[in-house]
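# Examination of the molecular architecture
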Amino acid sequence: MIMTENPADLFADKVEARNLQLAIQHSSDVVARVTKEGIALYVSPSSLPTLGYSQQDFYRSSLYTYCHPNDRDLLREALAELEQLPHKRETFRFRHKEGHYLWLEANFSVINDDKEMMCIIRDMTQRIIMEEEILETQEKYRFLVEYSKDTIGMVTQKGIWTYINNEGKKLFGFTSIKEMIGTSLHDYIPPSEHSTLDDFLQTKLSVNFELNLIRTDGQMRKAEVQLIPTTFKNRKVYQIIIKDVTGQKKTEEKLQNAEKLSVVGQLAAGIAHEIRNPLTAIKGFTQLLYEEHKGDFAEVILSELERIEGIVNDLLVLAKPQITEMEETCLTNVVKSVITLLSSQAVMENIVIELTQSPGEFYVKCEKDKIKQVLINIIKNSIEAMPAGGKINVDIRQEDHSVIISVEDEGIGIPEERLAKLGEPFYSTKEKGTGLGIMICKKIIKNHGGNLYIHSRENEGTTVRITLPLA
């Protein structure tokens, strides 16, 4: 008896074959049947819009003919591996009929008892180009971030550091970026500014503001901070940009001080001019009175008028550089004479003034009375800073081509925040001070080609260091 196939099964097979044929014809992917040597036996119609070649162009041609020369070995290795593997996926460049190359992703599967392969080819050019553009953009951004002169980083909405560039390591004084990751931005600002930072973090908006930053070595830096809300790995975070403006702020302060000095100079010149006119008349009539009566009162008045005249001349130091005659002077003798002058006042305040010096005498070109005025001002400040008594040490010695005078006391000292403002006009640590004393001293020393530095610690004392060039 002869067995025949079921008509229903035959119909189903025909329908399946027809559906498969339609799928291949209308597929955007190229379907090909190739030998193990890479010879095309069949290529779907989709090869024409994708690769530019017709079915006839591909028939009995080698894949290696169209493959980019640099990718041929890669393709050969992929086909060779199919002897051990049933499936293989490979990406390579393929020449379009118009001459340019496309990136193709090919999935190879072994069929017909390992004699042939079914190949499904997809055009990946746009995706690979986009991936390359994304990588290139990421590389450019990484380069900009890593080599930026500003600190750029990432913090959570609570201010925890998750990333920071190398410039941030320098700004905060770390040896490694890893030391900072996981710490809080709050750790590097004064406690008084914590609430301000929290307010900006809670706004969840792009904001700009200023903060004082504390480095790991305790130094204070002024910074402009920008917070930009963003999303990173599905998490709401802030990109933070910090610009160190400490130098800029110092420059602005210097410009403001220069403007103050200019105003003070003009004011001093006007005051000196107005005082000198009546002072000349008073002094002249007082001299006539003194010559006629020779009284003690007239002599005292003349003495005080001369002192007023000296104060007026000091005001003119602020107005413009004075034309003075410098002469070679033994600085050691000047220091000794000032100590002798103030020793009686020091004794009354239960203060001892001691002089230490290196061997020899030190000569400088100076206006002796002006240097005396500076030393008197500084030592009197030291006496006033020690209401409970103590010791003032005055030291004079040579360093290289300069002579150094140091005045060190055991007084109440000056707070750090006030120390930076000393020498500014109208700023004084004294209740009734004008702030002009130290400013005039600095001006006199500067006119002599030297420098005046003040170092102080609260409740430990103050040291004033004067540097003058040797004659």
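Cut-offs and rules
- Residues numbered from 1 in each chain as written.
- Predicted model: local features only at pLDDT ≥ 70, side-chain atom pairs only at ≥ 80, totals over all residues.
- Heavy atoms only, no water.
- Buried < 20%, exposed > 50% of the residue type's maximum accessible area, 1.4 Å probe, protein only.
- Helix = DSSP H or I, 4+ residues; strand = E, 2+ residues; numbered from the N terminus.
- Pairing = 2+ DSSP bridges.
- pLDDT = per-residue confidence, 0-100.
- Contact = heavy atoms within 4.5 Å.
- Patch = residues over 30% accessible without salt bridge, like charges linked within 9 Å, V, L, I, M, F, W, Y side chains within 5 Å.
- Areas by Shrake-Rupley, 256 points an atom, 1.4 Å probe, with all protein chains shown as cover.
- Salt bridge = Lys/Arg side-chain N within 4 Å of Asp/Glu carboxyl O.
- Axes fitted to C-alpha atoms, helices over the stretch in contact; angles between N-to-C directions.
- Core = buried A, V, L, I, M, F, W, Y, C linked by side-chain atoms within 4.5 Å.
- Phe/Tyr/Trp six-rings, centres within 6.5 Å; stacked < 30°, edge-to-face > 60°.
- Expected span 1.5 Å × (residues − 1).

### Quick word on the pairing of strand 8 (residues 207-214)
- Here strand 8 shows a buried face lined by V207, F209, L211 and L213 and an unburied face lined by N208, E210, N212 and I214.
- Sheet analysis places strand 8 next to strand 9 (residues 220-232), joined by 8 bridges and oriented antiparallel. Bridged to N212 within strand 9 is K222.

### Regarding the confidence of the model for the chain
- With 83% of its residues at a pLDDT of at least 70, the chain reaches an overall mean of 81.
- Averaged over each element, pLDDT in the chain is lowest for helix 1 (residues 7-26) (56) and highest for strand 15 (residues 402-408) (92).
- Note that pLDDT drops below 50 for residues 431-435; the model gives that stretch 10 contacts with residues more than four away or on any other chain.

### Quick word on unusual backbone geometry
- Look at N350: it is not a glycine, yet its phi comes out positive at around 60°.
- One non-glycine residue, D400, lies in the positive phi region at around 55°.
- Position of D400 relative to the elements: it lies in the loop between strand 14 (390-399) and strand 15.
- By relative accessible area, D400 is classed as exposed at 69%.

### Description of a nonpolar patch on the surface
- On the surface, F143, L144 and Y147 cluster together into a nonpolar patch covering about 380 Å² of accessible area.
- Structurally, F143 can be placed in helix 6 (residues 125-146).
- Since its relative accessible area comes to 48%, F143 is described here as partly exposed.

### Considering the sheet that holds strand 8
- Spatially, 7-6-10-9-8 is the arrangement adopted by the 5 strands of the open sheet, whose pairing is antiparallel. The open sheet terminates on both sides in strands that have one partner only, identified here as strand 7 (161-164) and strand 8. For this sheet, the mean angle separating the axes of adjacent strands, direction not counted, is 30°.
- Bridge count between strand 6 (residues 151-156) and strand 10 (residues 235-244): 6 bridges; the pairing is antiparallel. Each bridged residue has a counterpart across the sheet, and for M154 the counterpart in strand 10 is Q239.
- Against the sheet, helix 8 (residues 194-203) makes contact with strand 6, strand 8, strand 9 and strand 10, and its axis sits at roughly 145° relative to strand 8, the strand it touches most.

### Details of the pairing of strand 5 (residues 116-123)
- Two strands pair when backbone bridges link them, and strand 1 (residues 30-35) and strand 5 are joined in this way by 6 bridges, in the antiparallel orientation. Bridge pairing in strand 5 links A32 to C119.
- Pairing of strand 4 (residues 101-111) with strand 5 involves 8 bridges; the strand directions are antiparallel. Pairing of V110 across the sheet is with M117, part of strand 5.
- Two successive antiparallel strands, strand 4 and strand 5, enclose a turn made up of 4 residues, where N112 displays a positive phi of approximately 50°.

### A few points about the nonpolar core
- Among the nonpolar cores identified, the biggest contains 35 residues, and V394, L452 and I466 are the most heavily contacted of them.
- With 7 residues, the single largest contributor to this core is helix 11 (residues 331-348).
- Ignoring anything within four residues of it in the chain, the contact list for V394 reads V335, I339, I353, E354, L355, T356, I379, I405, S406 and V407.
- If you look at the next biggest cluster of nonpolar residues, it comprises 24 residues, including V34, Y64, M117 and I121.

### Comments concerning the sheet that holds strand 5
- Across the sheet, which stays open at both edges, the 5 strands sit in the order 2-1-5-4-3 with antiparallel pairing between neighbours. In this open sheet, the two edge strands, each paired with only one partner strand, are strand 2 (40-43) and strand 3 (87-95). Across this sheet, the average inter-strand angle for adjacent strands is 25°, counted without regard to direction.
- Pairing of strand 1 with strand 2, which is carried by 3 bridges, proceeds in the antiparallel orientation. Looking at the pairing, A32 lines up with V43 of strand 2.
- Running over the sheet, helix 5 (residues 72-81) touches strand 3, strand 4 and strand 5 and is turned about 155° from strand 3.

### Observations concerning the packing of aromatic side chains
- Counted according to the given criterion, the structure contains 10 aromatic pairs.
- Seen in terms of ring centroids, F58 and F94 are 6.1 Å apart; in terms of plane orientation they differ by 45°. Their pairing is tilted. Residue F58 is found in helix 3 (residues 55-58), and its partner F94 is found in strand 3; the two are separated by 36 residues along the sequence. The exposure classification of F58 matches that of F94, with both residues buried.
- Plain terms: the ring middles of F200 and F209 are 4.1 Å apart, the flat faces sit at 5° to each other, and that makes the pair stacked.

### Comments concerning helix 12 (residues 368-384)
- The end-to-end C-alpha distance of helix 12 is 24 Å, a good match for the 24 Å that 17 residues give at a rise of 1.5 Å each.
- Within helix 12, burial applies to K370, I371, V374, L375, I378, I379, S382 and I383.

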